[in-house]
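Per-entry structural report
Chain residues, written in single-letter form:
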Amino acid sequence: MTERKPPGITFESWVDRQIREATERGDFARLSGLGKPLPDDTAPYDELWWVKGKMNREGLSALPPTLALRKEAEDALEAVGRAASESQVRRIVAEVNEKIAAAIRRPPPGPPLNLTPFDVEELLRDWRAARDGRSR
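Cut-offs used in this document
Positions within a chain are numbered from 1, following the residues in the order the chain's sequence is written. Thresholds applied to this predicted model are a pLDDT of at least 70 for local features of residues and 80 or more for the giving and counting of side-chain atom pairs; totals over whole chains, interfaces and linings are not thresholded and use all residues. Side-chain measures were taken over the full set of non-hydrogen atoms in the model, leaving aside hydrogen atoms and water. A run of DSSP states H or I qualifies as a helix once it reaches four residues; a run of E qualifies as a strand once it reaches two. Both are numbered from the N-terminal end. This radius of gyration counts C-alpha atoms alone. The globule rule is 2.2 Å times how many residues there are, raised to the power 0.38. Only protein chains enter the area calculation, which uses a 1.4 Å probe; residues under 20% of their type maximum are buried, those over 50% are exposed, and those in between are partly exposed. Two residues form a contact once any of their heavy atoms are found within 4.5 Å. In protein, a polar contact requires one atom able to donate a hydrogen and another able to accept it; more generally it is a pair of N or O atoms within 3.5 Å, and residues adjacent in sequence count only if both atoms are side-chain atoms. UniProt positions are given in the numbering used here, feature names are shortened, and annotations may be inferred rather than shown by experiment.

**With respect to the overall build of the protein**
Across its full length, the protein carries 5 helices and 0 strands. In the protein, the succession of α and β elements from N to C terminus is α-α-α-α-α. Scaling as 2.2 N^0.38, a compact globule of 136 residues should have a C-alpha radius of gyration of about 14 Å, whereas the protein reaches 27 Å, well beyond that. If you line up the protein on its principal axes, its C-alpha atoms span 80 × 40 × 30 Å. In the protein, which comprises 136 residues, the share counted as buried stands at 17%. Sequence separation of at least 24 residues holds for 55% of the intrachain contacts in the protein that already meet a minimum separation of 6.

**Concerning the side chain of Asn97**
Along the chain, Asn97 turns up in helix α4 (residues 86-105). In this structure the side chain of Asn97 is engaged in a polar contact, spanning 2.6 Å, whose partner is the backbone nitrogen of Phe118. Setting aside chain neighbours within four positions, we find Asn97 in contact with Pro117, Phe118 and Val120.

**Section: the UniProt feature "domain: DnaJ homologue subfamily C member 28 conserved" (unreviewed entry) in the protein**
UniProt records the feature "domain: DnaJ homologue subfamily C member 28 conserved" (unreviewed entry) at residues 14-79, using the numbering of this structure. Within the segment residues 14-79, helix and strand shares are 56% and 0% respectively, and the terminal C-alpha atoms sit 59 Å apart.

**Topic: unusual backbone geometry**
Here the phi dihedral of Asn114 falls at roughly 55°; this positive angle occurs in a residue that is not glycine. Looking at where Asn114 falls in the secondary structure, it is placed in the loop between α4 and α5 (120-135). Taking relative accessible area as the criterion, Asn114 reaches 64% and is therefore assigned exposed.

Structure below.
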């Protein structure tokens, strides 16, 4: 813990002395950004930069539940395109369809969902066609 500034010493000389002593102890030798350029500061100032950074590091989202589900549905369709088997396609679609059905039964707060459960058989037909096209 830092000590209190003694009376009769200017703040500048007191701070300078603390920095000099910390440098002599090697407190600045192992900082994470040492030798690296400073991040770009041309972006406009954002008062919530630290909140957004923390949310990003923690993997949190600030989207309303309906928009988060829309994004999850988009991600599920992309995952279907990368799926290796029909059972994997069925599992991906079943999981997202269950969430969509629950949101339709009890709409969460936020903008309208505008989603209906996906047709598994139609997605499987598209998946098979894309897979046959790649194998030729």
